[in-house]
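If you want the building blocks of each chain, they are given just below.
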Amino acid sequence: MANHYIHVGSITNAMRGKRLLEERGIRAYVHRASNPPEGEGCGYSLLVTDKVGQAEGILRKSGVRVVRVSGAL
């Protein structure tokens with residue numbers, strides 16, 4: 001099981017995304033980068049432990065702006 005960050009850029013999208021995913025049985029944690037890259041908003045992301053492809057699809061379909069997806073250490 002690999003952890004992934006789904007970068008969403010704002011706290012509003014992170015909180016909304018967390019709720020959407022957990023309603024569908026996907027556990028998600030809100031994370032904030034201490035020094036986000038240029039162009040990624042406030043640096044908020046969702047840490048997802050499994051079903052990352054499904055989670056990304058749910059977010060995009062629900063109108064949550066996904067900036068990028070990256071692997072977590």
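What counts, and at which threshold
Residues numbered from 1 in each chain as written. Predicted model: local features only at pLDDT ≥ 70, side-chain atom pairs only at ≥ 80, totals over all residues. Heavy atoms only, no water. Helix = DSSP H or I, 4+ residues; strand = E, 2+ residues; numbered from the N terminus. Rg over C-alpha atoms; globule rule 2.2 N^0.38 Å. Buried < 20%, exposed > 50% of the residue type's maximum accessible area, 1.4 Å probe, protein only. Salt bridge = Lys/Arg side-chain N within 4 Å of Asp/Glu carboxyl O. Pairing = 2+ DSSP bridges. Axes fitted to C-alpha atoms, helices over the stretch in contact; angles between N-to-C directions. Polar contact = N/O pair within 3.5 Å; in protein donor to acceptor, adjacent residues only side chain to side chain.

(A) Looking closely at the overall build of the protein. Secondary structure assignment for the protein yields two helices and four strands. Moving toward the C terminus, one meets the helices and strands of the protein in the order β-α-β-β-α-β. Computed over the C-alpha atoms, the radius of gyration of the protein is 11 Å, within 12% of the 11 Å expected from 2.2 N^0.38 for a compact globule of 73 residues. Across its three principal axes, the protein shows a C-alpha extent of roughly 30 × 25 × 15 Å. Here the protein holds 73 residues, and the buried ones make up 33% of them.

(B) Region of interest: the pattern of salt bridges. The full count for this structure, using the stated rule, is four salt bridges. Residue Glu-22 is joined to Lys-18 by a salt bridge in which the shortest nitrogen-to-oxygen separation is 2.9 Å. Of this pair, Glu-22 and Lys-18 both sit in helix H1 (residues 11-23), four residues apart, which is roughly one turn of that helix. Owing to a relative accessible area of 23%, Lys-18 belongs among the partly exposed residues under this scheme. The salt bridge partner of Arg-60 is Glu-56, with a shortest N-O separation of 3.0 Å. Here Glu-56 and Arg-60 lie together in helix H2 (residues 52-61), a separation of four residues that amounts to about one turn.

(C) Inspection of the side chain of Ser-45 at higher detail. In this fold, Ser-45 is placed in strand E3 (residues 44-48). Residue classification places Ser-45 among the buried residues on the basis of a relative accessible area of 2%.

(D) Molecular detail of the sheet that holds strand E2 (residues 28-32). Pairing is antiparallel across the open sheet formed by four strands, whose spatial order is E2-E3-E1-E4. Taken across any chain shown, the strands that pair with only one partner, and hence form the sheet edges, are E2 and strand E4 (68-71). Each neighbouring strand pair of the sheet contributes to a mean axis angle of 30°, computed without reference to strand direction.

(E) Expanded view of the environment of Arg-24. One can find Arg-24 in the loop between H1 and E2. The class for Arg-24 is partly exposed, based on a relative accessible area of 43%. Separated by 31 residues in the primary sequence, Arg-24 and Ala-55 have C-alpha atoms spaced 9.1 Å apart. A polar contact is formed between the side chain of Arg-24 and the backbone oxygen of Leu-20, at a distance of 2.9 Å.

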